[in-house]
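A structural walkthrough
Take a look at the letters that make up each chain.
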Amino acid sequence: MKIGIYFGLGFRLLGDWCIDRKVFLNRVHEIKQRRNNEKVIARFSKEPIYYLIKINAVTFGLATAIRYALGHIKYALNHGWIPVVDMQSIKNPYLEDDEVGKKNAWEFYFEQPGHVGLEDIAGKDNIIYAEQMQLEICPTDSMEFYTNAFSAKYWRALYADQIRLSDAALEYVKNESYRLFGNHEEKILGCVCRGTDYVERRAYRHPIQPEVKEMLKSVRGGVEKYGYDKVFLATEDESILEKFRAEFGDKLLYVEQQRYQDGSIPLALRKDFANETSRYMEGMRYLAAIYLLAECDALIGGRCGMTTISYVISSGYQYEYFWNLGRYVVDDYCLPEEYLT
């Protein structure tokens, strides 16, 4: 039995080497790390084990980081390990160049789920490392997730128990909520409308986003049918914001943030990302948008990380609608051309 497994693994590694040497080296690293983890588990069976969740991505937003962390936090808790989130060791959109390796961007916005930081486990041997990929079991941008009440209930409970805002983030979100929503006396419809890099790059297997005119039509219909007083828009695209302003005027609410019109490259890789404020502050504004969406009475959105995490943080909505247009490259063959331009 083991011989067959080794042969299969060998052929897999050979295939990786032939296709992409980087993939091969990553695969070898994963195998070594997995074996090391097994040794740590065996050695420290009667002691605390720390599960290091190193978020390794250059272009992700905070919503994706939360989604990634949630899946791994669940995995750690299932095994009795203490999760520690690392957004310090590798460059990410919320660290300035001189902060990499020195500051943990996760702790800008959140407390550590296990109340243990990187400084607490430095030099320890009882650490195992999470695989640097999103686990299959996590909140996703699939319609299966959005329409599964049991799954939503589970992740909402886990989020409420494990993810807590930092003092600075909590104060910022509360201030933004009061500035835009006041005492919540008005009914507000939240909308997530992605543009720029998400649409123009048509990233493989990412959910296809609706046309802006279709999104406007959907939001207008929700406002008229259910009598919402205001519309809260979350978008990083300046042209989308302008179209919503033209449609809803004084009824439109949004956080102040840096927005773009050219989406040819991912936002976090742009030289002008956060050049008006700081990477820390752009992350704070993005986080506020997520939490304000969760406070809305209704939610309409294209499927993406922000929609998913706002849905998880919320306690549910009076009305919700998520656009299901399939995924880029996989399902876009059947769509009208205007969805792809």
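Residues numbered from 1 in each chain as written. Predicted model: local features only at pLDDT ≥ 70, side-chain atom pairs only at ≥ 80, totals over all residues. Heavy atoms only, no water.

Some thoughts on the nonpolar core
For clarity, the cut-off: In these notes, a set of buried Ala, Val, Leu, Ile, Met, Phe, Trp, Tyr and Cys residues joined through side-chain atoms within 4.5 Å is what counts as a nonpolar core. Relative accessibility decides the category of a residue: with a 1.4 Å probe and only protein chains considered, values under 20% of the type maximum give buried, values over 50% give exposed, and everything between is partly exposed. Numbering of helices and strands runs from the N terminus, with a helix taken as a DSSP run of H or I at least four residues long and a strand as a DSSP run of E at least two residues long. Contacts: residue pairs with any heavy atoms within 4.5 Å of one another.
Ranked by size, the top nonpolar core spans 66 residues in total, and within it Phe110, Phe232 and Met306 carry the most contacts. Ranked by the residues each element gives to this core, the list is headed by helix α12 (residues 279-295), at ten residues. With residues near it in sequence (within four places) discarded, Phe110 still touches Leu62, Ile66, Tyr159, Ile163, Arg164, Leu165, Ser166, Leu287 and Tyr291. Counting residues in hydrophobic clusters, the runner-up holds 25 residues, among them Val231, Leu233, Phe244 and Tyr319.

Points about the side chain of Arg259
Definition in use: Asp and Glu count as negative and Lys and Arg as positive, but His and the ends of the chain are not part of the count. Salt bridges are defined as contacts in which a side-chain nitrogen from Lys or Arg sits within 4 Å of a carboxyl oxygen from Asp or Glu. For this analysis, a polar contact is any N or O atom pair within 3.5 Å, provided that within protein one partner can donate a hydrogen and the other can accept it, and provided that sequence-adjacent residues contribute only side-chain to side-chain pairs.
One can find Arg259 in the loop between β6 (252-253) and α12. Buried and unpaired, Arg259 has Glu256 as its nearest opposite-charge partner, separated by 5.0 Å. Among the polar contacts listed, one links the side chain of Arg259 to the backbone oxygen of Thr235, at a separation of 2.9 Å. Of note is the side chain of Arg259, whose polar atom sits 2.9 Å from the backbone oxygen of Val255.

Examining the pattern of salt bridges
This structure, assessed with the given rule, holds twelve salt bridges. The partner of Glu176 in a salt bridge is Arg179, with the nearest N and O atoms 3.0 Å apart. In this pair, Glu176 and Arg179 both sit in helix α8 (residues 167-181), three residues apart, roughly one turn of the helix. Judged by its relative accessible area of 10%, Glu176 is buried.

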